[in-house]
Structures are given as C-alpha cells and as structure tokens.
Amino acid sequence: MPNTYTLIASVTVGSGGAASIDFTSIPSTYTDLVVKLSGRANADVVAVICSINSSALDSGKRLRGDGSTVASASSAEAYGVNNSGATASTFSNAEWYFPNYAGSNYKSVSMDAVAENNGSAAYMSINAGLENTTSAISSLSFAPNGGNWVQYSTAVLYGIKNS
Amino acid sequence: MADTKIVVDCSTGEVSEIELTAEEIAQREADAKAAAEAKAAEEAALAAKAAEKAALLSKLGITEEEAALLLG
C-alpha cells in the first residue's frame, strides 16, 4: 500500500485566469500520482476534463448526483466544478488518483469531485477512467469543460511511493 | 486577451503561461460543445424519468412517500 506523499508541484492561477493547468516532465520515480484541485470556472460548466500525455481520457464511467437526483453515464469527465452560477468566491474540490502511472499497462484513474454552493443543489461525482496508453504518464492537464479557471484556482501534484 | 494555459515543468519547477494554439482552441470549443450536449441529454433523460414516475404515482393514486413506504 503506497504510504508516502511527496509534493511534486503546486500552482495557483493568477488574475488573468487559465484555460487549463498542466503538469509536464513528471518524474517516473514514484508508484502512484495524486492531483488535488480547488477550482472555479468562469462559465456555466459542471465538469473537468483530465488529459494524460495530451490526450483526454479514452473512456470512463461516472456516478453523479446533485442533491435531488442521481444518474450514471459513460464519461470520464469529473462532474463537480463551481461555475459562474455558484455562490461568489466559492471553489469546488476534486481529486484524481493514478496508480502505477509509470508502468506499461493502460493507465487507470479514479476521481471524485464535489462542487460547493452553500447548501443549494450542487454536482458531485465519482468516476473511473482509462487512458489506452502503455507509456508512463509524463504530463497531466486539467481543464473546465468550458471557460477558464479563475484566479486562486489551485492544483497540487503529489507523488506516492510504497516504501 | 488571448486564452492561456498554465504549464508547470515538474523537472525544474518553472511555471509558464502559454497562449493556446489554434488546434488547442478548436479542441476546447469542441469539448465545450460536446459537454453541453451531454449535459442536456443527461438532464432530459432525468426529466423524462421523473415525469414517468410522477405519472405512475398519479395513476396509482398514491404519493411518493407512500410509494417509498410500500417499497421499504
């Protein structure tokens, strides 16, 4: 069981906003990777697109709810991002976990995401995704599915080792 | 103002703001369109399911709470 977290990189979006947050030249020296993201988009969007090595995830399954309804879908997009309609200055939280990211098997990822809207209906989801690549993960990208990340959105990349 | 992405080079720690290429902008627009369509389809399916449920409850002459009691 991986049991050590090491900060690889952390970045916070500046005043101009950003279409995506990308981590490149990720070292292959860990067992797993974790990305934690606190984000808010400036458009009427609800999900985050994760790309591995410049390719959006090839497939995925999602279970999502909004406080009153629940649905499942074939999608790797993580539902649960605070958008332009959310309570001012609130940010959503999401996490992606990439096990065995440096191996030669296809790359799986599990995710959870929850929007925060001061008690009103808000999207939240858990997902499983797959990228059909045998290459090690060397870059990751996270983008809202429309608009930009606003200032103070933050993403943190951790490496995890099992010893 | 041009759209940019923030790129963190994990080998150096360098953070750069880079303008999106035309290809990236096109991909982004396609992603946004696909996402909007998927969201609309999911919400339409949910609304249809809710309408079917309401119609069935009405046909049975019971409330949602009463139906939950029966199924519990």
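For the structure itself, consult the block above.
Computed from a prediction, not measured in an experiment: that's the story for all the values here. (Residues numbered from 1 in each chain as written. Chains lettered and ligands numbered in written order. Predicted model: local features only at pLDDT ≥ 70, side-chain atom pairs only at ≥ 80, totals over all residues.)

### Brief notes about the overall build of chain A
Piece 1. In terms of regular secondary structure, chain A is built from 0 helices and 13 strands.
Piece 2. In chain A, the order of α-helices and β-strands from amino to carboxyl end is β-β-β-β-β-β-β-β-β-β-β-β-β.
Piece 3. By the compact-globule yardstick of 15 Å for 163 residues, chain A fits well, its C-alpha radius of gyration being 15 Å.
Piece 4. Expressed as lengths along the three principal axes of its C-alpha atoms, the size of chain A is roughly 40 × 35 × 30 Å.
Piece 5. Per-residue burial over chain A gives 44% buried out of 163 residues.
Piece 6. Counted over contacts in chain A with a minimum sequence separation of 6, partners at least 24 positions apart contribute 81%. (Helix = DSSP H or I, 4+ residues; strand = E, 2+ residues; numbered from the N terminus. Rg over C-alpha atoms; globule rule 2.2 N^0.38 Å. Buried ≥ 20, exposed ≤ 12 C-beta atoms within 10 Å, placed from the backbone. Contact = placed C-beta atoms within 7 Å.)

### Some words on the interface of chain A and chain B
Quite often, the size of an interface is put as the accessible area lost when its parts meet.
Piece 1. Contacts between the two partners involve 28 residues from chain A and, on the opposite side, 21 residues from chain B.
Piece 2. For the side of chain A that touches chain B, the secondary structure elements donating two or more residues are strand 1 (4-12), strand 2 (21-24), strand 4 (47-52) and strand 7 (70-73) of chain A.
Piece 3. Ranked by the residues each element gives to the side of chain A that touches chain B, the list is headed by strand 2 of chain A, at 4 residues.
Piece 4. By residue class, the composition of the side of chain A that touches chain B is 17 nonpolar, 9 polar and 2 charged.
Piece 5. When strand 2 of chain A meets strand 1 (residues 4-9) of chain B, the two strands line up parallel, connected through 4 bridges. Bridge assignment links Ile21(A) to a residue of strand 1 of chain B, and that residue is Ile6(B). (Nonpolar A, V, L, I, M, F, W, Y, C, P; charged D, E, K, R; others polar. Pairing = 2+ DSSP bridges.)

### Comments concerning the pairing of strand 13 (residues 154-161) of chain A
Residue and element names in this part refer to chain A.
Piece 1. Sheet topology note: the strand 1/strand 13 ladder contains 8 bridges and is antiparallel. Paired with Thr6 across the strands is Gly159, a residue of strand 13.
Piece 2. In this structure, strand 3 (residues 32-39) lies alongside strand 13, joined through 7 bridges in antiparallel fashion. Paired with Asp32 across the bridge in strand 13 is Ile160.

### Remarks on the sheet that holds strand 11 (residues 124-131) of chain A
Residue and element names in this part refer to chain A.
Piece 1. Strand order in this open sheet of 8 strands is 1-13-3-9-10-11-6-7, and the pairing throughout is antiparallel. Since the sheet does not close on itself, it has two edges, and those belong to strand 1 and strand 7, each with one partner. The mean inter-strand angle of the sheet, taken between neighbouring strand axes irrespective of direction, is 10°. (Axes fitted to C-alpha atoms, helices over the stretch in contact; angles between N-to-C directions.)

### A few points about the environment of Asn162(A)
Piece 1. For Asn162(A), the position within the fold is in the segment after strand 13.
Piece 2. In sequence terms Asn162(A) and Thr4(A) are 158 residues apart; their C-alpha atoms lie 6.7 Å from each other.

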